[in-house]
Amino acid sequence: MTAPLHLCKWHLVLVLCTLFALSLAGCGSGQPVRVLAEGETTLSASIGGPIVPSTSPVGIVPYLTAGTAYGVTNDISVHGNLHLIMSVFAVGGLDLGASARLIHQDAAVPELTLSTRLIGFMKFGDPVSPRLYPDVALNASWEIASRTLAYVGTHGTFQWKPGAFYLSPFIGIQFPVSSAICIQTELIWQAANHDTRIGIFEGSSSIGGMGSFGGFIAGVITL
């Protein structure tokens, strides 16, 4: 027995609102864990989202991105991502940014990487009303084996109207599966400083009623 059409449309609206709100709070795997070598280029794709087993048939609300990164110097990389799932709802999503190495890893002292990006969304056919959201991320990473990185950090995302700041801590690991391909897995507590007990999923994936707990997996190919 299928659900009434108006209920299906309402469910799609709820999912869109959720994806949009969570995309502002750090989309997971949106930039390299570390900067690339000068002249190096990577392609990446990431899928994941908030874990809501009681609400979503597949256990998560999926969010898909695909992008590229380029090493401008050995200490600075630029990167960008398309937010592909949003196009299903006639919304274009794009983020552009850069990452800089602050310090190199020295034994137990981690490598620190600072990333900034601007996340933009625009409804197709309505170019006069784009939405832009600045995002800053800081992560500490350790090479625990050859080309295997463990990392921890946080996103800080700003929303101009009505005026909000989303803090999203994350932890992850990146490991090689071949000479050119790495897999990156990440757990993130999106919008950890916001009460989410009332809303679309009524705290289904929150921690102590705050934020939304999610997971991402990404593939990274070095060209």
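Relevant structure appears above.
The rules behind these values
Per chain, residue numbering runs from 1 following the sequence as it is written. Local features are withheld for residues below a pLDDT of 70 in this predicted model, meaning they are given only at 70 or higher, and side-chain atom pairs are given and counted only at 80 or more; totals for whole chains, interfaces and linings count all residues. Side-chain numbers here rest on the full set of heavy atoms in the structure, without hydrogens or water. Only DSSP runs of H or I with at least four residues qualify as helices, and only runs of E with at least two residues qualify as strands; both kinds are numbered from the N terminus onward. We call two residues in contact when some of their heavy atoms are within 4.5 Å. Here the rule is simple: two strands pair whenever DSSP picks up at least two bridges between them. Axis lines are fitted through C-alpha atoms, for helices just across the contact stretch, and the angle between N-to-C directions can take any value from 0 to 180 degrees. We count a salt bridge whenever a side-chain nitrogen from Lys or Arg sits within 4 Å of a carboxyl oxygen from Asp or Glu. Classification of residues uses two cut-offs on accessible area relative to the type maximum, computed with a 1.4 Å probe and protein chains only: under 20% is buried, over 50% is exposed, and between them is partly exposed.

### Regarding the side chain of Gln 174
Next, step 1: Within the secondary structure layout, Gln 174 lies in strand β8 (residues 164-176).
Next, step 2: Among all residues touching Gln 174, those that are not within four sequence positions of it are Val 33, Arg 147, Thr 148, Leu 149, Tyr 151, Cys 182, Ile 183 and Gln 184.

### Some thoughts on the sheet that holds strand β7 (residues 148-159)
Next, step 1: An order of β1-β2-β3-β4-β5-β6-β7-β8-β9-β10 is seen for the 10 strands of this closed barrel, with the pairing classed as antiparallel. Looking at each pair of strands side by side, their axes are set apart by 20 degrees on average, direction ignored.
Next, step 2: Looking at chain direction, strand β5 (residues 111-123) and strand β6 (residues 131-145) are connected through 11 bridges and run antiparallel. Looking at the pairing, Leu 114 lines up with Leu 138 of β6.

### Remarks on the pattern of salt bridges
Next, step 1: Using the criterion set out here, one finds 5 salt bridges in the structure.
Next, step 2: Among the salt bridges present, the one from Arg 101 reaches Asp 75, with a minimum N-O distance of 3.0 Å. One end of the pair, Arg 101, is in strand β4 (residues 91-103); the other, Asp 75, is in the loop between β2 (63-71) and β3 (76-83), and 26 residues separate them in sequence.
Next, step 3: Across the salt bridge formed by Arg 117 and Asp 95, the nearest N and O atoms sit 3.5 Å from each other. With Arg 117 in strand β5 and Asp 95 in strand β4, the pair connects residues that are 22 residues apart, well separated along the chain.
Next, step 4: Its relative accessible area of 5% is what places Arg 117 among the buried residues.
Next, step 5: Residue Asp 95 is classed as buried on the basis of its relative accessible area, which comes to 1%.

### Points about the pairing of β3
Next, step 1: Bridging between β2 and β3 involves 7 bridges; their strand directions are antiparallel. Along β3, the bridge assignment pairs Thr 65 with His 83.
Next, step 2: Counting the residues that bridge the hairpin from β2 to β3 gives 4 residues.

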